[in-house]
Amino acid sequence: MIIDTTEVQTINSFSTSGFFKEVLWTDMDYTYFDPDIGNHDRGTRHCWLEREISAAIQQRIGPEYAGPLGILQAIADGTKLLLKEDLLPSRGDIRLFSVGPSIAVISVLLSYLVIPFGYRLVLADLGIGVFLWIAISSIAPIGLLMSGYGSNNKYSFSGGLRAAAQSISYEIPLTLCVLSISLRLEIGRNDQVVLPYDSDLDSSTVDIVEAQSKYGFWGWNLWRQPIGFLVFLISSLAECERLPFDLPEAEEELVAGYQTEYSGIKYALFYLASYLNLLVSSLFVTVLYLGGWNFSIPYIPIPELFRINQMAGIFGMTIDIFITLAKAYLFLFISITTRWTLPRMRIDQLLNLGWKFLLPISLGNLLLTTSSQLVSL
């Protein structure tokens, strides 16, 4: 075999040139060439906040070229995915393959109907608000399963099955935590026992927030339901398929799981659904356990201190939205730091955590909540 030394020198000079280094450094945060990030890294590809926090944890610079502080990088990545070719598997089920990402996104968007950003800033104040969110969110794994099956790929199908099993495992503890809050709200309001199947059981998100505003931040359900708060937080991370619970798309085992065969806009829809679902979970943590838009010190209400109640309604709504989002982004920060701190679990460890630990703990928390409320009557 004869090797042309001139060609080798040309390749070496190109690889060591400043232009090539600059291209790699510019794209290092969102391409597959970065050895520190790995394949299919959703954090450094789409979300500017996660990119910045991830870069700080890993002692990297992060995005800085697209816009001020790299804030336009997510828009650039989204535009790039919109312009990519939409590839279809030749032997897959095209209908299931195409409908799956849409179901995942639509189910998450419908969850925003019952999220209150203020006293009157809610699209639908329903009596079954929280349970409606749980019911709608359970549809998303069906879309992932359809995507995996329609791809005609064993890795994709395994990822879809994992997504369905993981959703079922952690929806039950999450629902029991919500049920504990609803039972506590109804028993405290009516001084009588309300059964879980009773039509009078109220789970309105606005009522849950208002019930926590009586004693300032000491009235938050975080202090009344600390066990339920931890179980809800872990279950919501698992529902969002965040590390250490991202088994449906574990690249070491399944290439990219249910999204292996996707490209272009369909590929982007999965990441959009993931981040929207993470924000929804953070907002429900805020509503259920952190008092929603209320932020008051006992005996010194913040709105009265700054005379917010006497100001224009638009300004008061802005303050409510700001407080709600500030609390939600606190848990976004926790989920992002958790991703870069804990290693990925095995699938058997994930299922054991859900069925053998979180489910008994959430049942015990429900029993303890009901017993304490009955004793206090």
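Bear in mind the structure is a predicted one, so any value in this text is a computation, not a measurement.

Scoring rules and cut-offs
Residues numbered from 1 in each chain as written. Predicted model: local features only at pLDDT ≥ 70, side-chain atom pairs only at ≥ 80, totals over all residues. Heavy atoms only, no water. Helix = DSSP H or I, 4+ residues; strand = E, 2+ residues; numbered from the N terminus. Buried < 20%, exposed > 50% of the residue type's maximum accessible area, 1.4 Å probe, protein only. Polar contact = N/O pair within 3.5 Å; in protein donor to acceptor, adjacent residues only side chain to side chain. Contact = heavy atoms within 4.5 Å. pLDDT = per-residue confidence, 0-100. Core = buried A, V, L, I, M, F, W, Y, C linked by side-chain atoms within 4.5 Å. Salt bridge = Lys/Arg side-chain N within 4 Å of Asp/Glu carboxyl O. UniProt positions renumbered as here; feature names shortened; annotations may be inferred.

A few words now on the side chain of S169. Mapping S169 onto the fold places it in helix 9 (residues 154-190). Given the relative accessible area of 2%, S169 is considered buried. From its side chain, S169 meets the backbone oxygen of A165 in a polar contact 2.8 Å long. There is a polar contact of 2.8 Å between the side chain of S169 and the side chain of W355. If sequence neighbours within four positions are ignored, S169 has contacts with L351, G354 and W355.

This brings us to the confidence of the model for the chain. Mean pLDDT over the chain: 78, with 77% of residues reaching 70 or higher. Scored below 50 in pLDDT, residues 191-199 makes 14 contacts in the model with residues more than four places away or belonging to other chains.

Turning next to the nonpolar core. Membership of the largest hydrophobic core comes to 41 residues, with the highest contact counts inside it found for Y112, W133, F232, F284 and L288. For this core, the secondary structure elements donating two or more residues are helix 7 (129-137), helix 9, helix 12 (226-239), helix 14 (264-289), helix 16 (313-339) and helix 17 (347-375). Take this core: its biggest share by element is nine residues, from helix 14. By size, the runner-up hydrophobic cluster in this structure holds 13 residues, among which are F97, L144, A163 and A268.

With that out of the way, let us pick up the pattern of salt bridges. Applying the stated rule across the entire model yields six salt bridges. Note that D86 is salt-bridged to K266, the shortest N-O span being 2.3 Å. Of this pair, D86 sits in the loop between helix 5 (73-83) and helix 6 (94-110) while K266 sits in helix 14, placing them 180 residues apart in sequence. D86 gets classed as partly exposed once you look at its relative accessible area, which sits at 33%. The residue D246 makes a salt bridge to R344 at a minimum N-O spacing of 2.8 Å. You can see D246 sitting in the loop between helix 12 and helix 13 (251-254) and its partner R344 sitting in the loop between helix 16 and helix 17, a full 98 residues away along the chain. The exposure class of R344 is partly exposed, given its relative accessible area of 23%. One network of salt bridges, with partners in common, ties together E50, R242 and R339.

We now examine the UniProt feature "transmembrane region" (unreviewed entry) in the chain. As recorded in UniProt, the sites labelled "transmembrane region" (unreviewed entry) are residues 94-115, 121-146, 268-291, 311-336 and 357-375. Between the C-alpha atoms that bound residues 268-291 the distance is 33 Å, and the span itself is 92% helix and 0% strand.

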